[in-house]
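# Survey of secondary and tertiary structure
So the chains spell out like this:
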Amino acid sequence: MRVRFAPSPTGHLHVGNARTALFNWLLARGHGGTFILRIEDTDIERSTLESERGILADLRWMGLEWDEGPDVGGGHGPYRQSERLELYASHARELIEKRHAYYCFCSAETLEASRKLAMAEGRPPMYPGTCRELDPDESARRVAGGERAVVRFRVPDTGDVMFDDVVRGQVTFGMDVIGDFVLVRSDGRPAYNFAVVIDDALMHVTQVIRGEDHISNTPRQVLLYEAMGMEPPAFAHLSLVLGPDHAPLSKRHGATSVAEFRAKGYLPEALVNYLALIGWSPVAAAAAADLPPDDAGSELLPIDEMARRFSLDRVSHSAGVFDEAKLAWMNRHYMKQAAPERLAHECWTWLAERGWVTERTPDAQQFIASLMPIAAGSVDRLSEVADRVEFVFQWDAAAAAALVAADPGGRRVLEAFADEAAAGPLLDKEAFRAVMGRVKDRTGVKGKALFHPVRVALTAAESGPELDLAVPAIDRAAQLAASAGVRRVVSCHGRATAILNS
RNA sequence: GUCCCCAUCGUCCAGCGGUCAGGACGCGGCCCUUUCAAGGCCGAGACCCGGGUUCGAUUCCCGGUGGGGACGCCA
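Treat the numbers as computed from the prediction; the structure is a model and nothing was measured.

## Describing the overall build of chain A
A tally of regular secondary structure across chain A gives 23 helices and eleven strands. Put simply, chain A has 502 residues, and 49% of those count as buried. Sequence-distant contacts in chain A: of pairs separated by 6 or more residues, those separated by 24 or more amount to 74%. Carbon and sulfur atoms make up 51% of the accessible area of chain A, which totals about 23600 Å².

## What about the sheet that holds strand S4 (residues 150-153)?
The pairing of strands in a sheet happens through backbone hydrogen bonds and is either parallel or antiparallel. The strand order S3-S4-S7 describes an open sheet built from three strands, whose pairing is antiparallel. Each edge of the open sheet carries a strand with a single partner, namely strand S3 (101-104) and strand S7 (182-184). The sheet shows a mean angle of 45° between the axes of neighbouring strands, direction not considered. In this structure, S4 lies alongside S7, joined through two bridges in antiparallel fashion. Residue pairing across strands places Val151 opposite Val184, the latter belonging to S7.

## Quick look at the pattern of salt bridges
The full count for this structure, using the stated rule, is 35 salt bridges. One salt bridge connects Glu305 with Arg309, and the closest N-O pair in it is separated by 2.6 Å. One end of the pair is Glu305 and the other is Arg309, both in helix H12 (residues 303-309) and four residues apart, which spans about a single turn. A salt bridge links Glu384 to Arg381; the nearest nitrogen and oxygen atoms lie 3.3 Å apart.

## Re the layout of surface pockets
Roughly 1200 Å³ of internal volume is contained in the largest pocket. For the largest pocket, the lining is made up of 39 residues, of which Pro7, Ser8, Asn17, Asp213 and His214 are closest to its centre. When contributions to the lining of the largest pocket are tallied by element, the ones reaching two or more residues are strand S1 (2-5), helix H1 (15-30), helix H6 (192-202) and strand S8 (207-211). Examining the composition of the lining of the largest pocket, we find that four residues originate from one element, H1, more than from any other.

## Details of the nonpolar core
Generally speaking, nonpolar side chains in soluble globular proteins are found buried as a group. If you look at the biggest cluster of nonpolar residues, it comprises 75 residues, and the most contacted ones within it are Phe23, Leu59, Met62, Leu275 and Phe322. The biggest single contributor to this core is H1, with nine residues. Discounting residues that sit within four places of it in the chain, Phe322 has contacts with Val15, Val241, Leu242, Leu249, Phe261, Tyr274, Leu275, Ile278 and Leu327. Judged by nonpolar contacts, the second largest core, of 34 residues, contains Tyr79, Val151, Phe173 and Val184.

## Observations regarding the packing of aromatic side chains
Counting across every chain of the model gives eight aromatic pairs. Consider the rings of Phe261 and Phe322, whose centres lie 5.2 Å apart with planes at 40°: the pair is tilted. Within this pair, whereas Phe261 is found in helix H8 (residues 258-263), its partner Phe322 is found in the loop between strand S11 (320-321) and helix H13 (324-337), the two being separated by 61 residues in sequence. We note that Phe261, like Phe322, is buried. Ring geometry for Trp280 versus Phe310: centroids 5.4 Å apart, planes at 50°, classification tilted. Taken as a pair, Trp280 in the loop between helix H9 (268-276) and helix H10 (282-288) and Phe310 in the loop between H12 and S11 lie far apart in primary sequence, 30 residues in all. The pair formed by Trp280 and Phe310 is uniform in burial state, with each residue classed as buried. Three or more aromatic residues joined by ring pairs make a cluster, and in this case those are Phe261, Tyr266, Tyr274 and Phe322.

## Describing the pairing of S8
Buried residues dominate S8, accounting for five of its five residues. Strand direction decides the pairing type here: S8 and strand S9 (residues 234-238), joined by five bridges, are parallel. Looking at S9, one finds that Gln207 is bridged to Ala234. With helix H7 (residues 218-227) bridging S8 and its parallel neighbour S9, the resulting β-α-β unit is right-handed.

The rules behind the values
Residues numbered from 1 in each chain as written. Chains lettered and ligands numbered in written order. Predicted model: local features only at pLDDT ≥ 70, side-chain atom pairs only at ≥ 80, totals over all residues. Heavy atoms only, no water. Helix = DSSP H or I, 4+ residues; strand = E, 2+ residues; numbered from the N terminus. Buried < 20%, exposed > 50% of the residue type's maximum accessible area, 1.4 Å probe, protein only. Contact = heavy atoms within 4.5 Å. Areas by Shrake-Rupley, 256 points an atom, 1.4 Å probe, with all protein chains shown as cover. Pairing = 2+ DSSP bridges. Axes fitted to C-alpha atoms, helices over the stretch in contact; angles between N-to-C directions. Salt bridge = Lys/Arg side-chain N within 4 Å of Asp/Glu carboxyl O. 1 Å grid on protein atoms, 1.4 Å probe; cavity = no way out; pocket = protein on both sides within 12 Å on 5 of 7 lines; lining within 4 Å. Points joined across faces, edges and corners; volume = space filled by probe spheres on them. Core = buried A, V, L, I, M, F, W, Y, C linked by side-chain atoms within 4.5 Å. Phe/Tyr/Trp six-rings, centres within 6.5 Å; stacked < 30°, edge-to-face > 60°. Right-handed = clockwise from strand over helix to strand, strands pointing away.

Right under this line is the structure:
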């Protein structure tokens, strides 16, 4: 089995394309096949080497290594279409000789006009066939004389083209809706439909897995295979990835590229796992494979396990909406799984942005890693870790106290806390818990509103005389906490959160 | 306009003639909790419409509607 992912380097790797790459990779890895990366850079106006590098980097970040490709080589290269021009030219010559293709001298303006007319008359806007019956020798002379021409494929006049789509079943197109399409542009570069066929054939690709937007190109390609006397590969068309409004996912929906999701702080395994779930169900695949039910029930799967379970006939027919909330949930899961050292590494840039860390010394890395358990698993993304650990680096006790002082509920909690705490020593966790329980009962306040004021008071206790407390309740609670010995256990970088916990 | 594809909770998937239509995310509630989260439990929430076929359709067929894609010297 040989599959390929063939992006054109005209921008960032879109998550929809990343999903296509992933499905190809999963199929290859699950079946001991070969995964090929081919760069479709025949559009010289838009292709850039920078995009190519970005796409390669994004694929590697996702963990999708390829066996053959522009940078790693392979036995069926080159792997950039711009380096295969001679191959296309020779096949084009052959098709012209066999009368499967012909030169067309029509101008872009003429063609545009006929397209418009066809639309207006309710006909499929396709090539009218103007140059179809030109004398081949005459055409050859005109081309030799320097006249600009494209090479068009001669589509049969009647009949149907059909192919068995692995995910959709049999698809049929009537010849009458397929116009004679361009194989070679007037500047000699191959057009998409021609280049893919030559490449897939020469690279011995056995299954072509690509986006649904290519489904109507497929009959043209099948025709080309037939004309060249070659066996077409199996085709599988994946439905598209949509935005929340059911329009194809685009910039106006927010992040769309792998690079953007990476920059937002998503872990690669989360993105990969999530993407696989749009249009594919590991649960059912597992059932089919007779796996233990509890194991089979989870959507959370490492990439290798997905590869093991992946199969094309379980791929959904309908388009899927990209749901960032679910991605975030998965990311949380993988952040909890990740080693603190790795998280520290991944979060570094965000912490550095705030000036909290500079050099990656072993000590600094170890310290940051020690902070990770506080944050990981309670935030959606790596970029949010900084906010989570902010108190370690900057905690304004006075500002916090002022905020609590302004809140009637907070003051009630502190009054109650001061009363209750005065009843006995507050030296251990159990005693503290008991006091907090009574405060909760007395005030009816719970959750964050209950603990935050107390936390502030404890911080005040730690801060000592340099914090001037204008609010009696806070002051009293703080003094009480200090005298009760709480201060002793208010330690570590955890100023507040880890109180009594350390 | 023409052709092609698609259609189960808000979203992603299960279902492949008889199910109390299942799970996950999200949402609501409760519990737990020394913040926020996380976690646990509970709950609300769907078969696009109309015809067939059948003893019986979410499931099969046809039509409609809706959504998407394609009709380039872009891929």
